[in-house]
Amino acid sequence: MRIFPTRRKLLSYAAAGCFALGLNAPARAADDIVIGGSMPMTGVFAFAGIALNNAFQDYAKIVNDAGGINGRKVKYVAEDTGYKVDNSVAVFNRITSQEKVSLYYGDSTAFSKTINAELNRRGDIMMAGASFASELNDPKNFPNQFIAGPDYSEMIGILLEYIAKTKPGAKIALVNSDTEFGRDPIAPTEKRAGELGLKIVEKIATPPTSVDVSTEVLKLRRADPDYTIFHGYILAPLPEFMTQAKQLGLKTKFMGTFWSMDNAIWAKSADVADGFMGVMPYRYYYDTEGKSPMLEKIRQIRPEYQSTGYMQGFLTAMLMTEAAKRTLDAKKELTAANMKASLNSIKDFDTGGIIGVPISIPGNTVPVGRVYQYDGANKTMKPVSDWIKIAK
């Protein structure tokens, strides 16, 4: 893969001399707390990678402008991966050979699984990433990783809680891409739906970018579900599903998970997407409800709309540095085990409005989210539920 010089290696703000630490004696470079990153800034997930990269840069600057962590600067170093596992591993090896990395961000489920054995062998890096895969929510097999939000099964669990409260006994259809991503939450969803008295009346799998969905829409028509939950897609073929369903007069309410919940992806399909619902672990950039000092700070730094991917990256950086701070406050070394224990000590933590309720991290996830609905006229997602926590 060709990597352009401007993206081949992203200079940390520290290296660029942009941080004003406000300290009497600047920390030595050897004392930097380094966050490494395999970021997909080109390729199919470039829209997410660029947003994530911006979020990490911004949060590092916020921390360093406030004096760093116990007087130590946060240094963020990342490279583009093009969303390819081999590139991601090569970037990891390159960055960790050049820097004393304590924290790392990975670009995919495949990378998180591939690099796990190396993380466990090293024992000096705690990692999070773009993946919300349920498989990673396993402290025994993935002891040095975490997800800055609910996993995919928990996301749909939040939707099911909402459905059970809104329409007890509702009929549900599951539509997923025929990929590992799409299949991830199916079994837990069926189990939880049964526990809540909900009925799964249809399960449909499609290619991840299928366009001709006429056969699948006829299946939905026969099943006549109250709710249809999509998972394993970003955009296509959701607009086509909804267009054909509405043409046939289906009354089903369509829902999605995190990667289908950004405002920007629906802008060109606003009419058909009107009423589309889904789960979001974070508040949206434009949300002014209640006190939200971190959202206000983000809006000051970046006056233009920032995507949901940015919010995920920003919270991930916040939780990483909070774990490092707690570890140092306890006079312990920044080992993976110590930082993960510090992460799991987080209880009723105020994110400054990134999430609308205090959060706790009992395991490998932050099991909380909210149901939002797309307003086609205003092209914005609006909340239709309170914050829902999944019991651990």
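Note that the structure is predicted; figures quoted are calculated from it, not measured.

### Notes on the overall build of the protein
No. 1: Counting its regular elements, the protein contains 14 helices and 12 strands.
No. 2: Projected onto its principal axes, the C-alpha positions of the protein cover 70 × 45 × 40 Å.
No. 3: Put simply, the protein has 392 residues, and 57% of those count as buried.
No. 4: In the protein, of all internal contacts separated by at least 6 residues, the share reaching a separation of at least 24 is 70%.
No. 5: Carbon and sulfur atoms form 52% of the exposed surface of the protein, whose accessible area is close to 16,100 Å².
No. 6: Taking the average place of the 47 positive charges on the side chains of the protein and the average place of its 41 negative ones, the gap between the two points comes to 2 Å.

### Brief notes about helix α13 (residues 308-329)
No. 1: Taking 1.5 Å of rise per residue, 22 residues should cover 32 Å, and α13 covers 31 Å from first to last C-alpha, within 8% of that figure.
No. 2: The element α13 is extensively covered by neighbouring structure, given that 19 of its 22 residues are classed as buried.
No. 3: Following α13 by one or two positions, Lys331 adopts a phi angle in the positive range, close to 60°.

### So, the environment of Ile35
No. 1: Residue placement: Ile35 occurs in strand β1 (residues 33-39).
No. 2: For Ile35, a relative accessible area of 3% puts it in the buried group.
No. 3: Apart from residues lying up to four places away in sequence, Ile35 is in contact with Phe56, Val74, Lys75, Tyr76, Val77, Leu103, Met320 and Thr321.

### Things to note about the packing of helix α6 (residues 152-166) against helix α8 (residues 186-195)
No. 1: Running from amino to carboxyl end, α6 crosses α8 at an angle of 25°, the nearest separation of the two axes being 9 Å. Classified by the angle between their axes, α6 and α8 sit roughly parallel to one another. The hand of the α6/α8 crossing is right-handed. Between α6 and α8, the residues in contact are Ser153, Ile156, Leu160 and Glu161 and Pro188, Thr189, Arg192 and Ala193, respectively.
No. 2: Across the contact of α6 with α8, the residue classes tally to four nonpolar, two polar and two charged.

### Digging into the pairing of strand β8 (residues 253-256)
No. 1: The pairing of strand β7 (residues 227-231) with β8 spans three bridges and is classified as parallel. Counted as the bridge partner of Thr228 is Phe254 from β8.
No. 2: Between the parallel pair β7 and β8, the chain is carried across by helix α10 (residues 238-247), and the sense of this crossover is right-handed.
No. 3: For β8 and strand β9 (residues 277-280), the ladder comprises two bridges, and the chain directions are parallel. Across the sheet, the residue bridging to Gly256 is Gly278, located in β9.

### Some thoughts on unusual backbone geometry
No. 1: In this structure, Pro237 follows Ala236 across a cis peptide bond, with omega equal to 0°.
No. 2: Residue position: Pro237 is located in the loop between β7 and α10.
No. 3: In this structure, Asn70 takes a positive phi of about 50° despite not being glycine.
No. 4: Its place among the elements puts Asn70 in the loop between α2 (46-65) and β2 (74-80).
No. 5: For Asp224, which is not glycine, the phi torsion reads 50° and is therefore positive.
No. 6: Within the secondary structure, Asp224 sits in the loop between α9 (214-223) and β7.
No. 7: In this structure Asp224 comes out as partly exposed when scored by relative accessible area, which is 43%.

### Description of the UniProt feature "domain: Leucine-binding protein" (unreviewed entry) in the protein
No. 1: Taking the numbering used here, the UniProt-annotated feature "domain: Leucine-binding protein" (unreviewed entry) corresponds to residues 33-356.
No. 2: End-to-end, the C-alpha atoms of residues 33-356 are 28 Å apart, and along that stretch the chain is 43% helix and 16% strand.

### Describing the pattern of salt bridges
No. 1: Taken as a whole and assessed by the stated rule, the structure comprises 19 salt bridges.
No. 2: One salt-bridge network, held together by shared partners, links Glu161, Lys191, Arg192 and Glu195.

The rules behind the values
Residues numbered from 1 in each chain as written. Predicted model: local features only at pLDDT ≥ 70, side-chain atom pairs only at ≥ 80, totals over all residues. Heavy atoms only, no water. Helix = DSSP H or I, 4+ residues; strand = E, 2+ residues; numbered from the N terminus. Buried < 20%, exposed > 50% of the residue type's maximum accessible area, 1.4 Å probe, protein only. Contact = heavy atoms within 4.5 Å. Areas by Shrake-Rupley, 256 points an atom, 1.4 Å probe, with all protein chains shown as cover. Lys, Arg positive; Asp, Glu negative; His and termini not counted. Charge placed at Lys NZ, Arg CZ, Asp CG, Glu CD. Expected span 1.5 Å × (residues − 1). Axes fitted to C-alpha atoms, helices over the stretch in contact; angles between N-to-C directions. Parallel < 35°, antiparallel > 145°, perpendicular 65-115°, else oblique. Left-handed = near helix turned anticlockwise from the far one by under 90°. Nonpolar A, V, L, I, M, F, W, Y, C, P; charged D, E, K, R; others polar. Pairing = 2+ DSSP bridges. Right-handed = clockwise from strand over helix to strand, strands pointing away. UniProt positions renumbered as here; feature names shortened; annotations may be inferred. Salt bridge = Lys/Arg side-chain N within 4 Å of Asp/Glu carboxyl O.

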